[in-house]
Amino acid sequence: MRVWHAVTAFLVVVAVVAAVFVLRPSDGTVSVANSPCRPVDSVRKDRPATPDLDGDGFVDLVHEFSDSDDFDVLILPGSEHGPAHGRTTVLSHDDLGVPDDVQNGDEPWQPTVADLDEDGHSDLIASGDARVAWGGPKGPRADGPHGRVPLPDGGYSTAPVAGDFDGDGHTDLAAFRSSMNDEHNDELVLLKGPFKRSGAPAKTVRIHSPVRENATPLLVAGDANDDRATDLALYDSPYDPPLLFTGGARTAGGLSKEPERLPEGENVVFGDFDGDGRQDIAVGRSFVHDYDEEDTPHRRGQVSVRYGKEPGKWVTMEGGDFKEGFGTTLAVGDFNGDGCDDLAVQLTKKKEAGDARIEVLRGGSEHGLGSKPWRSTKRSEPGDDGPIDGMLFDVGDWDGDGRAELALFGGDTWWITDGTDRDKASFPVAPQQDSGS
């Protein structure tokens, strides 16, 4: 999971008012009266499980690896006991037809899951080459139908992200093309749905890069203005603050002509932290450099939040201790099933060393993330050069109980824990059964 350090000056946005307060680690929670959140049984029954590739109602844990030897996408089906490691499906490099020169790095990445061809089954899009494993009643299979979304030219490091960016009811894909040595030719590429079974989109729109040349930002989709069209945030650039394009615009791609500059930070997530039915935006800024030889400034990390009900106001929270890297990675989920999203925040002192712990900030008041950290989580396994800590990879309700869990990855191990630091499962990365199980 890639993250980037933020620069040392906080971005001042015109006409934006910011408040700052400090969060310290705590073993308990601070509940706020008159919370608008509603229990899980009243609001979450109609929500589809995502991503659910085999259609059984349970969220699946999906990840992909790429190194010099092989490329694999692994699908661990959810169950009432969480990810069923013994029923892992493996889609290999050869199964998907990924070229030998396509690599995504040694750490796990998340493929994209979406119904591209609108047949009612979720499809899986993997690698920077956008290979598609088409879904079916039992999910994508190694021996099943495959395709490829034709991304123009080359220079894609991750799978495209999915969303309905123009608001027409069809799923679209967005990808960032880094031309590297080809100056001034980086692009944001939008592929409009619906998609043919070959992987071909209805239309391709190319937008000149909104970030500086040779940057490789990541993309995250959400609805920041409650208009039902998907918005797109770009972050992790070494030169620019995160940017937000709003969807539903009268442009060729459906995104606004100019992006909004968000507060400085290295990651962006969307979630409904105050339970008002509108998505909020959180931006993490750890101040920790990507490279361990760079000194971290004597500062606490920050998370800045903008709530949907107050689009002109940012609230900034400082967490952890000085130089602890609060805000390195963010993930959203409802860990206690009250109907409001909570925010998992990773603290990492040195990113290459992989030391990490996770604090869960509890949503649930009319003020959103106004409570103290809910609980601290840390998992480690022995390594050749010392302990290897579990890094925050994903959040999902893999056992279907209405409460989200954390997935941590470190060394050769996955840990699945709940928001109160209780282990629900742990298992090795290597699957127990072969492809097609």
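Analysis parameters
- Residues numbered from 1 in each chain as written.
- Predicted model: local features only at pLDDT ≥ 70, side-chain atom pairs only at ≥ 80, totals over all residues.
- Heavy atoms only, no water.
- Patch = residues over 30% accessible without salt bridge, like charges linked within 9 Å, V, L, I, M, F, W, Y side chains within 5 Å.
- Areas by Shrake-Rupley, 256 points an atom, 1.4 Å probe, with all protein chains shown as cover.
- Salt bridge = Lys/Arg side-chain N within 4 Å of Asp/Glu carboxyl O.
- Lys, Arg positive; Asp, Glu negative; His and termini not counted.
- Charge placed at Lys NZ, Arg CZ, Asp CG, Glu CD.
- Helix = DSSP H or I, 4+ residues; strand = E, 2+ residues; numbered from the N terminus.
- Buried < 20%, exposed > 50% of the residue type's maximum accessible area, 1.4 Å probe, protein only.
- Polar contact = N/O pair within 3.5 Å; in protein donor to acceptor, adjacent residues only side chain to side chain.
- Contact = heavy atoms within 4.5 Å.
- Pairing = 2+ DSSP bridges.
- Axes fitted to C-alpha atoms, helices over the stretch in contact; angles between N-to-C directions.
- Phe/Tyr/Trp six-rings, centres within 6.5 Å; stacked < 30°, edge-to-face > 60°.
- Lys NZ or Arg CZ within 6 Å of the ring centre and 35° of its normal.
- pLDDT = per-residue confidence, 0-100.

Where an unreviewed UniProt entry is consulted, the protein chain appears under the name VCBS repeat-containing protein, with the organism given as Streptomyces tsukubensis.

J.: What is the right way to read a negative patch on the surface from this model?
T.: There is a patch of like negative charges on the surface, built from Glu293, Glu294, Asp295 and Glu352. With respect to the helices and strands, the residue Asp295 is situated in the loop between β18 (280-285) and β19 (301-306).

J.: Can you help me understand the side chain of Asp123 in this one?
T.: Among the structural elements, Asp123 can be located in strand β6 (residues 123-126). At 5.8 Å, Arg197 is the nearest oppositely charged side chain to Asp123, a buried residue that forms no salt bridge. In terms of polar contacts, Asp123 uses its side chain to reach the backbone amide nitrogen of Gly135, at 2.7 Å. For Asp123, the contacting residues outside a window of four places in its chain are Leu53, Thr112, Val113, Ala114, Asp115, Leu116, Asp117, Val132, Ala133, Trp134 and Gly135.

J.: Help me out: how do you make sense of the sheet that holds strand β22 (residues 342-347) in this one?
T.: Strand pairing in a sheet is mediated by backbone hydrogen bonds. Such pairs are either parallel or antiparallel. Strand order in this open sheet of four strands is β21-β22-β23-β24, and the pairing throughout is antiparallel. Two strands in the sheet have a free side with no partner beyond their single neighbour: β21 (326-333) and β24 (373-377). In this sheet, adjacent strand axes meet at a mean angle of 25 degrees when their direction is disregarded.

J.: Could you clarify how one ought to interpret the environment of Thr413 in this entry?
T.: Structurally, the position occupied by Thr413 is in strand β29 (residues 413-418). Thr413 gets classed as buried once you look at its relative accessible area, which sits at 15%. Distance in space between the C-alpha atoms of Thr413 and Ala430 is 8.6 Å, their sequence separation being 17 residues. Residues in contact with Thr413, not counting those within four places in the same chain, are Glu381, Leu408, Phe427, Pro428 and Val429. Within the structure, Thr413 has its side chain in polar contact with the side chain of Glu381 (distance 2.4 Å).

J.: Please explain the packing of aromatic side chains as it appears in this structure.
T.: Aromatic rings considered in pairs are described by the distance between their centres and by the relative angle of their planes. This model, assessed by the stated rule, comprises three aromatic pairs. A ring pair is formed by Phe65 and Phe409, whose centres lie 5.7 Å apart and whose planes are at 55 degrees; its orientation type is tilted. Of this pair, Phe65 sits in strand β2 (residues 61-66) while Phe409 is found in strand β28 (residues 405-410), placing the two residues 344 residues apart along the sequence. By the burial criterion, Phe65 is buried, and Phe409 matches it. Three or more aromatic residues joined by ring pairs make a cluster, and in this case those are Phe65, Phe393, Phe409 and Trp414. A cation over an aromatic ring shows up here: Arg300 above the ring of Phe322, its NZ or CZ 4.3 Å from the ring centre.

J.: I tried to follow the side chain of Asp52 on my own but got confused; where do I start?
T.: Among the structural elements, Asp52 can be located in the loop between α1 (40-43) and β2. Despite being buried, Asp52 has no salt bridge partner; Arg87 is the closest side chain of opposite charge, sitting 9.5 Å away. Among the polar contacts made by the side chain of Asp52, one reaches the main-chain amide nitrogen of Gly55 at a distance of 3.1 Å. One polar contact links the side chain of Asp52 to the main-chain amide nitrogen of Gly57, over a distance of 2.8 Å.

J.: Would you mind going over unusual backbone geometry with me for this structure?
T.: What you tend to see is this: most non-glycine residues have negative phi, and most peptide bonds are trans. Between Gly193 and Pro194 the backbone carries a cis peptide bond, its omega angle lying at 5 degrees. Here Pro194 shows up in the loop between β11 (187-192) and β12 (203-208). With a phi angle near 70 degrees, Ser127 is a residue other than glycine that sits in the positive phi range. When you line up the elements, Ser127 lands in the loop between β6 and β7 (131-133). Residue classification places Ser127 among the buried positions, given a relative accessible area of 0%. Non-glycine residue Asp421 carries a positive phi angle of around 75 degrees.

J.: Help me understand the pattern of salt bridges, please; the structure alone is not making it clear to me.
T.: Pairing of side chains with opposite charge becomes possible as their charged atoms draw close. Taken as a whole and judged by the stated rule, the model has 20 salt bridges. In this structure, Lys192 and Asp166 form a salt bridge, with 2.9 Å as the shortest nitrogen-oxygen distance. Of this pair, Lys192 sits in strand β11 while Asp166 sits in the loop between β9 (161-163) and β10 (172-177); the two residues are 26 residues apart in sequence, bridging distant segments of the chain. Of the charged contacts in the structure, one is a salt bridge between Arg422 and Asp418, with a shortest N-O distance of 3.1 Å. Among the charged side chains, a salt-bridge network with shared partners connects Asp153, Arg177, Glu187 and Arg206.

J.: Would you mind going over the confidence of the model for the protein chain with me for this structure?
T.: The predicted structure's coordinates, where accompanied by low pLDDT, should not be read in detail. Averaged over all residues, the pLDDT of the protein chain is 83; the fraction at 70 or higher stands at 82%. Note that residues 433-437 has pLDDT below 50 and, in this model, 13 contacts with residues that lie over four places away or in other chains.

J.: Explanation requested: the environment of Cys340 in the structure shown.
T.: Position of Cys340 among the secondary structure elements: in the loop between β21 and β22. Separated by 22 residues in the primary sequence, Cys340 and Arg362 have C-alpha atoms spaced 8.6 Å apart.

J.: For this particular structure, what's the right way to read the pairing of strand β27 (residues 391-396)?
T.: Every other side chain in a regular strand lies on the same face of the sheet, so the side chains alternate between the two faces. Most of β27 is tucked away: five of the six residues are buried. Sheet topology places β27 next to β28; five bridges connect them, and they run antiparallel. By the bridge assignment for β28, Val395 is matched with Leu406.

J.: Sorry, what's going on with the environment of Ala407 here?
T.: In this structure, Ala407 sits in strand β28. Considered as a pair, Ala407 and Met391 are 16 residues apart in the sequence and their alpha carbons are 8.4 Å apart. Residues in contact with Ala407, not counting those within four places in the same chain, are Leu61, Met391, Leu392, Phe393, Asp394, Trp398, Trp414, Trp415 and Ile416.

J.: For this particular structure, what's the right way to read the sheet that holds β12?
T.: Strand order in this open sheet of four strands is β9-β10-β11-β12, and the pairing throughout is antiparallel. Each edge of the sheet is formed by a strand with only one pairing partner; in this case those strands are β9 and β12. The sheet shows a mean angle of 25 degrees between the axes of neighbouring strands, taken without regard to direction. Two strands pair when backbone bridges link them, and β10 and β11 are joined in this way by five bridges, in the antiparallel orientation. The residue of β11 that forms the bridge with Ala175 is Val189.

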